[in-house]
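# Breakdown of the fold
Here is what each chain is made of, one letter per residue.
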Amino acid sequence: MATVELRFSAQPEHVRTARLVAAAVARRAGVEEAVLDEVRLAVGEACSRAVGLHRGGGLSAPVRVVLTEEEKVFSIEVGDEVSTPSGGPSAGDAAADPDAEGEDEMGLAVIRGLVDDVEVTRGDSGGVIRMSWPAAGTSDLP
């Protein structure tokens, strides 16, 4: 299992770099050429969402992207460090700003439209969007 980990400061201009790295690693993992645009778009959306959450919450922690090549699956995890609020809404909580909540839901809808296998989790240490695609000759399976 090969893994590439990318961490970048929560700046919108770094999202493009994450998309390019994801596409390059996906290509090397054997993801079909026709799917690479979906990988780029999904990673861009997930990273943009994480950047927005970090910036909205005033966090200086980096956004984390983990790209993993397994035998028949290529997966990407995009993680933020925005924790689940314990009391009421905080500055980084989407519930504090109805517009931010709508953008967050729209971003997740776009990701779910692009990726068949997606999982979104949020906990005390932050959130993770995990996406995966078939790789290296698995496309001919039923």
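For the structure itself, consult the block above.
Residues numbered from 1 in each chain as written. Predicted model: local features only at pLDDT ≥ 70, side-chain atom pairs only at ≥ 80, totals over all residues. Heavy atoms only, no water.

This brings us to the overall build of the chain. The secondary structure content of the chain amounts to 3 helices and 5 strands. Counting the 142 residues in the chain, one finds 37% classified as buried. Long-range contacts, defined here as pairs at least 24 residues apart, represent 67% of the contacts in the chain between residues at least 6 apart. Just so you have it, the chain exposes about 7700 Å², and 49% of that area is on carbon and sulfur atoms. (Helix = DSSP H or I, 4+ residues; strand = E, 2+ residues; numbered from the N terminus. Buried < 20%, exposed > 50% of the residue type's maximum accessible area, 1.4 Å probe, protein only. Contact = heavy atoms within 4.5 Å. Areas by Shrake-Rupley, 256 points an atom, 1.4 Å probe, with all protein chains shown as cover.)

Here we come to the environment of L36. One can find L36 in helix α2 (residues 36–56). For the pair L36 and A24, spaced 12 residues apart in sequence, the C-alpha to C-alpha distance is 8.9 Å.

Here the focus is the nonpolar core. Counting residues in hydrophobic clusters, the biggest one holds 31 residues, and the most contacted among them are V39, F74, I76, V78 and M131. If you list the elements that add at least two residues to this core, you get β1 (2–8), α1 (15–29), α2, β2 (63–69), β3 (73–79), α3 (98–114) and β5 (126–134). Counting residues per element, this core draws most heavily on α2, which supplies 8 residues. Setting aside its immediate chain neighbours within four residues, I76 contacts A22, V39, V43, V65, V66, L67, I129, R130, M131 and W133. (Core = buried A, V, L, I, M, F, W, Y, C linked by side-chain atoms within 4.5 Å.)

The next thing to look at is the pairing of β3. For β3, the buried fraction is high: 5 of the 7 residues fall into the buried class. Here β2 hands over to β3 after 3 residues, the two strands then running antiparallel side by side. Note that β3 and β5 share 7 bridges and pair antiparallel. By the bridge assignment, V73 is partnered in β5 with P134. (Pairing = 2+ DSSP bridges.)

Moving on: α1. Between its first and last C-alpha, α1 extends 21 Å over 15 residues, near the 21 Å set by a 1.5 Å rise per residue. Every buried residue of α1 is listed here: V15, A18, A22, A23, V25, A26 and A29. Buried residues along α1 sit in contact with β1, α2, β2 and β3. (Expected span 1.5 Å × (residues − 1).)

What follows covers α2. Under the 1.5 Å per step criterion, the end-to-end length of α2 is 30 Å for 21 residues, consistent within 8% with the ideal 30 Å. Restricting attention to buried positions, one finds in α2 the residues L36, V39, A42, V43, G44, A46, C47, R49, A50, V51, L53 and H54. A positive backbone phi angle near 70 degrees is found at G58, which sits one or two residues after α2.

The interhelical angle for the contact between α1 and α2, taken along N-to-C directions, is 145 degrees, at an axis separation of 8 Å. Here the hand of the crossing between α1 and α2 comes out right-handed. Listed contacts from α2 to V15, A18, R19, A22, A23, A26 and R27 of α1 are L36, V39, R40, V43, G44, C47, S48 and V51. Residue composition of the contact of α1 with α2, grouped by class: 10 nonpolar, 2 polar and 3 charged. (Axes fitted to C-alpha atoms, helices over the stretch in contact; angles between N-to-C directions. Left-handed = near helix turned anticlockwise from the far one by under 90°. Nonpolar A, V, L, I, M, F, W, Y, C, P; charged D, E, K, R; others polar.)

Moving on: the sheet that holds β1. Taken in spatial order, the 5 strands of this open sheet run β1-β2-β3-β5-β4, and their pairing is antiparallel. Two strands bound the open sheet, and with one partner strand each, they are β1 and β4 (117–123). In this sheet, adjacent strand axes meet at a mean angle of 15 degrees when their direction is disregarded. Sheet topology note: the β1/β2 ladder contains 7 bridges and is antiparallel.

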